[in-house]
Structures are given as C-alpha cells and as structure tokens.
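Notes for the structure review
What follows is each chain in one-letter form.
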Amino acid sequence: MSASPVSTLARRRRPAAAATAAPPRATHDAPWVRWLLIVTALGFITAFLVLPLAAVFTEALRSGAGAYLAALADPDALAAIRLTLLTVAFAVPANLVFGVAAAWAVAKFDFPGKSLLVTLIDLPFAVSPVIAGLIFVLVFGLHGWLGQYLNAADPWLPALRDWLAARDIRIVFATPGIVLATVFVTFPFVARELIPVMQTQGSDEEHAALTLGASGWQTFRRVTLPNIKWGLFYGVILCNARAMGEFGAVSVVSGHIRGETNTMPLHVEILYNEYQSAAAFSVASLLALLAIVTLVAKAIIERQASA
Amino acid sequence: MSLFRRQRSALPGLNLTLGFTVLYLGLVVLLPLSAAFIRAFGMTWEEFGAAVASPRVLASYRITFLASLAAALVNMVFGLVVAWVLTRYRFPGKRLVDALVDLPFALPTAVAGIALTSIYAKNGWVGAWLDPDGRMFQKFFAHEGLLGRLTGLDLSGLKLAYSETGVFIALTFIGLPFVVRTVQPVLEELDPGLEEASATLGASRWKTVTRVVLPEVCPALITGFALAFARALGEYGSVVFISGNMPMRTEITPFLIITRLGEYDYRGATAIAVVLLLASFVLLLLVNLLQKWSRRHHAV
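These lines cover the structure that appears in this document, whether it is placed above or below.

Rules behind the numbers
Residues numbered from 1 in each chain as written. Chains lettered and ligands numbered in written order. Predicted model: local features only at pLDDT ≥ 70, side-chain atom pairs only at ≥ 80, totals over all residues. Heavy atoms only, no water. Helix = DSSP H or I, 4+ residues; strand = E, 2+ residues; numbered from the N terminus. Buried < 20%, exposed > 50% of the residue type's maximum accessible area, 1.4 Å probe, protein only. Contact = heavy atoms within 4.5 Å. Lys, Arg positive; Asp, Glu negative; His and termini not counted. Charge placed at Lys NZ, Arg CZ, Asp CG, Glu CD. Arc of directions from axis to C-beta. Salt bridge = Lys/Arg side-chain N within 4 Å of Asp/Glu carboxyl O. Patch = residues over 30% accessible without salt bridge, like charges linked within 9 Å, V, L, I, M, F, W, Y side chains within 5 Å. Areas by Shrake-Rupley, 256 points an atom, 1.4 Å probe, with all protein chains shown as cover. Polar contact = N/O pair within 3.5 Å; in protein donor to acceptor, adjacent residues only side chain to side chain. Nonpolar A, V, L, I, M, F, W, Y, C, P; charged D, E, K, R; others polar.

1. A short note on the overall build of chain A
For chain A, the count of helices and strands is 16 helices and 0 strands. Across the 307 residues that make up chain A, the buried fraction comes to 53%. Counted over contacts in chain A with a minimum sequence separation of 6, partners at least 24 positions apart contribute 74%. For chain A, the separation between the mean place of its 21 positive charges and that of its 18 negative charges on side chains is 10 Å.

See the structure below:
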C-alpha cells in the first residue's frame, strides 16, 4: 500500500502474537526501562492529545452552561451546523458510491494500469487542503476557466454559455464550491478502506453465487456486501469526520458570509478571531464530540472485525 | 464484452465500475488539479521565479520545511516509544491510549488549532509555566530558578504560542498517528523467535533491541517519518491559530497562498501552490519506492 494516513482494517486484523503471549524472560525489558518508557509515552500523549481535548470542553463551559447553550442556539451557529450537515449529505454518499465501485474494479479484476489507478486514488491525501480549495477557484472562479468561458467573445457552444449566464449559477464562494472541495479532500477514504478488505476476501464466494444462478446485483448485495460491511462502515465514519471538520479547503472556496456560507469550522474561526472565545469553543466542542464518537466507533468496529 | 482481453474473472461489472471510477477520478481530482499546472505553464519563467522566490516566500518555505522536519523527527522518536509501549507492555488505560492516538485524524484541524493555542499561550495550562513574568517561571525555569540552578539553562527567551515553537507544536500534534500507525503493525508481527535467538546467543537486551529489533522496524519508521513530514508541509488549520502568521517569521507556505488569493494575486498563489504540490509528490514517490524496496527486501 502507498501513503496511508489511516490504519486499514485489513492491517489491524492480523493476530497480535507478540502482544498476547507472555514473552519469555530473556526478551523482557528491565522494570525500570518499562516504567521509563510507559511514563514517557503517557507524558507525550497527555501534552499533545489529552490536554487539547480537555481544553476544548473546559473553555467551552468557562462562562457556564447557559452561555454554552446560547452559543449553540445562535442563528449563525445553527446555519453553520445546517450547512455542514448539507455538505456531508452530498460528499459522503458520493464518495461511498465511488469507493465501492473503485474497490470492486481494483480488487476483483486485473487490468493494465491498475497500480497507477490505486496511486491516483490516494492523490488527494498528498495535496494541501489550501491547494484543494485553490484548484476549484481556478476552475470555477471569476478569473478561472468557467469565468473565462462565460466572458469569451466567441465561446465554444454559445448556447451553453447563454444558458449558464442566464441562470447566474455561482459555484465557488457558495455552497456548491464547499461541497466540491469537501468531496475532493475526502475522496480516498472509503476506497482505500475497501480495497484491501475486498482483496483479502477474494472472489470465490462471488463465483459460487454466480454459478448457482444469482444475478450480478444479487451477488453483490447478498454475498459481497455482508463481507465488507465493517470496512465500509469504517471508511464512512472516517470520511464523515473529515467532511464535517474540513477547514483549509473550505476556507478558500467559502464566501465567508455569516449565516450563509459558513460551515462549523469556519464559524469557530470567526468567533475565535472576534475574541468570543467561549462561543468559539462551544461550537468547537460539538466537533470534538464528533471526533470522540468517531474514535469510539472505530474501536468497536476494529473489535467486531477481528472477532 | 470487456474492454480488456487479459481479464480472466467471470464476475460482472468491470466496465461499469472501472468506467465510473475513472470518470469520477478525472472530474473530481485530475481535472481540477491540472488547472493549477496549466495556469503555472501560462506564466513566463521570470514571472514564475518572482512569484516563488521572493524573500517573503523563501522565508515561508524555511519555517514550513524546518518546523515540519523537527516535528517529524520528534514524532519518530516518541511515536516509536508509544508504539513500543502499546505492543509490548500491559498497563491500565492502554486501550484508551491506543484509541486516542488517532485523535489528530478525527479532530477537525481548526479545533485542534484553537485548543493548542489556549494551552500554550501565556495564560494557558502549559504556557503559564513558561511566561517570563509569571511566578512559576521565576521559581522553576528562570536562570535563578530550580531548573536554571541545576542545569545552567536559561529559558527566558522561549515562547510557545505565536512563535516558531508554536508552528512546531501544531505540526507535532498532527504527525503523531502517522508514525505510531505505521510502526505498530510491524512491531506486532515481529517474530519473537528473533529476539529469543539473539538473547540465547548471549546478546544483552540493549544489543538485541538495537541490532535485531530496530533494523526490522527501520523501514516502517522512515515511512512514518516521511508521511508525517508530507502531511506537515501542507497543514493549515492547526497551525494558523498558534503561529501568529508573522511575515518572514511564522508565516507558513499554505497561509501565504491564502494571503495571495486575498490580494487577488491568482498567479502568485498558483505558482507557490505548484512548488508545494511538487514537494509533496516527490516525498510520496519516495515513500512508495521505500515501501516497495522494503517489501522486496523482506521477501528474500
């Protein structure tokens, strides 16, 4: 596998022989080494992971529960929550369908250029979120390809130009741009979880189903889907967490209009920069809760998949 | 029926799924990405050079590169320790720590950014200890304080948030899981017989770890380092709150791209973006080559 920012289920599934069996004496570490390493690891985890998480909730509740709830009930905050949910409702299903299709093609078939395709699927992980936003401005912005096309004196397909111009469809600095940028940054999540799971599964069961007279769709629904459901679920929750929390890419393509083109992370930024720290952390605490739910779901799925 | 004669599988759906995959990949990823390169090709060399090599841009490469490098190196050391502790020892709360390692993947970067800032700022939980005007600093970290007398160190010039150190702290947060999650499976699968053999042959524990275990883990460790480094180069959300974004000092390259866009300097933004993209692509190419090499190395 190439660059992976997330541990795949397939990898985590292998038995942890060294961890479960009590190691023989000669390969034990001395007690003081053991303690030193455990304290070092816990100290590092505390300073960099536990403290930030605790700080979010402490700062959010600093002005009391009333202020906390008021910050969440603010119309701009509610608009931001709605826009975030809307974005996720487009981005996650789109990448889910893509992920299943890509995994089916890559895991069940051999074709020329397969490894190139797998590398290209991972490409968005290598792109800075800021650049992910920038490229959509370059395509759809006023100074981008779409803008040039609309302003061209002698355009290709004039009817299309007139149709687009008459409708005044805005893509960047509006909701469609936010959705597109989010789809881009969450593009590989489902596919890269499913490909290894489907590859370890092989195609024998599918061949058997087809031989027994099942149709292609029946085979997928009744045989493949039950086998990959944990991997699928795992990819979806990771994709969802990233889609709700994306900041850099969305920041570039959003118009930063309060109550209109602000997602939750952008709303947090605005509040924070206006020195409304408690309100910023209140909205941030919802996103932190999402992160905790994601980690818990991930732990449960990993246990289910290895059971 | 199929596009390719080499296909041997009797399963249906290759044309449909492959066609959709390639189309979706092309429209969502490749076409927009190519826009950046096509825009950059439209510039003259002088224009491009001026956009990507002005003193302010060079300063942003410097802090982005150095802070990413320092954070990835620190993560290499502590990530190895965390992975080791998680695979080798039993201690209370181990499963919680294991789950928590993925926090930087799950926590939105903007939330991480403001949380880290609040901790490491002057009045924060950690920052307060190092505030030169604070009581705790005078007692413990000043030249006349406890640490100063014991070690001769003077930490009065050290600032955490709104400084280069702040950039480093944010990038360390973001990079930790990359190292832990690449090293952990290798440590789990390491044959215990290797260590037993080494111990039986009379090697000390230290020698066994450095001569037997570390070489086995090394490719994964370097891969984790490179992944953390590549992610840090492009990171935006967690850094911009804690860094202060001071031009020539703590302004990272992705922030400079946004600054250029805010000035409607699309060419400047695109040119810098292309440099950053090429740097990440080269890094990931190296990671892929390294993984291929280590797999072949292990197969022999």
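2. Things to note about helix α6 (residues 114-122) of chain A
Looking only at α6(A), the buried set comprises K114(A), L117(A), V118(A), I121(A) and D122(A). In an axial view of α6(A), the angular spread of the buried residues amounts to 140°, which keeps them on one side of the axis. The exposed set on the far side of α6(A), more than 90 degrees from its buried face, consists of S115(A) and L116(A). Looking at the buried residues of α6(A), the elements they touch are α5 (75-108) and α11 (189-201) of chain A together with α1 (14-41) of chain B.

3. Brief notes about the pattern of salt bridges
Where charged atoms from two side chains of opposite charge come close, those side chains can pair. One pass over the structure, following the stated rule, counts 18 salt bridges over all chains. R192(A) is paired through a salt bridge with D122(A); the nearest N and O atoms lie 2.5 Å apart. One end of the pair, R192(A), is in helix α11; the other, D122(A), is in helix α6, with 70 residues separating them in the sequence. When the shortest N-O distance is used, the salt bridge between R56(B) and E251(B) registers 2.7 Å. Residue R56(B) is found in helix α3 (residues 55-88), and its partner E251(B) is found in the loop between α12 (237-243) and α13 (253-262); the two are separated by 195 residues along the sequence. On the accessibility criterion, R56(B) (25% relative accessible area) is partly exposed.

4. Remarks on a nonpolar patch on the surface
All names here are of chain A. Together, W156, L157, L160, W163 and I169 line one region of the surface with nonpolar side chains, adding up to about 560 Å² of accessible area. Tracing the backbone through its elements, the reader meets L160 in helix α9 (residues 158-167). L160 sits in the partly exposed class, given a relative accessible area of 34%.

5. Describing the interface of chain A and chain B
Chain A puts 105 residues into the contact, and the matching count from chain B is 103 residues. Summed over the shared surface of chain A and chain B, the number is 2 salt bridges. The partner of D29(A) in a salt bridge is R205(B), with the nearest N and O atoms 2.5 Å apart. Viewed at the interface, chain B and chain A are joined by 10 residue pairs in polar contact (both at pLDDT 80 or more). A total of 21 residues in the side of chain A that touches chain B trace back to one element, the largest contributor, which is helix α3 (residues 31-60) of chain A. Along the lines of polarity and charge, the residues of the side of chain A that touches chain B split into 71 nonpolar, 22 polar and 12 charged.

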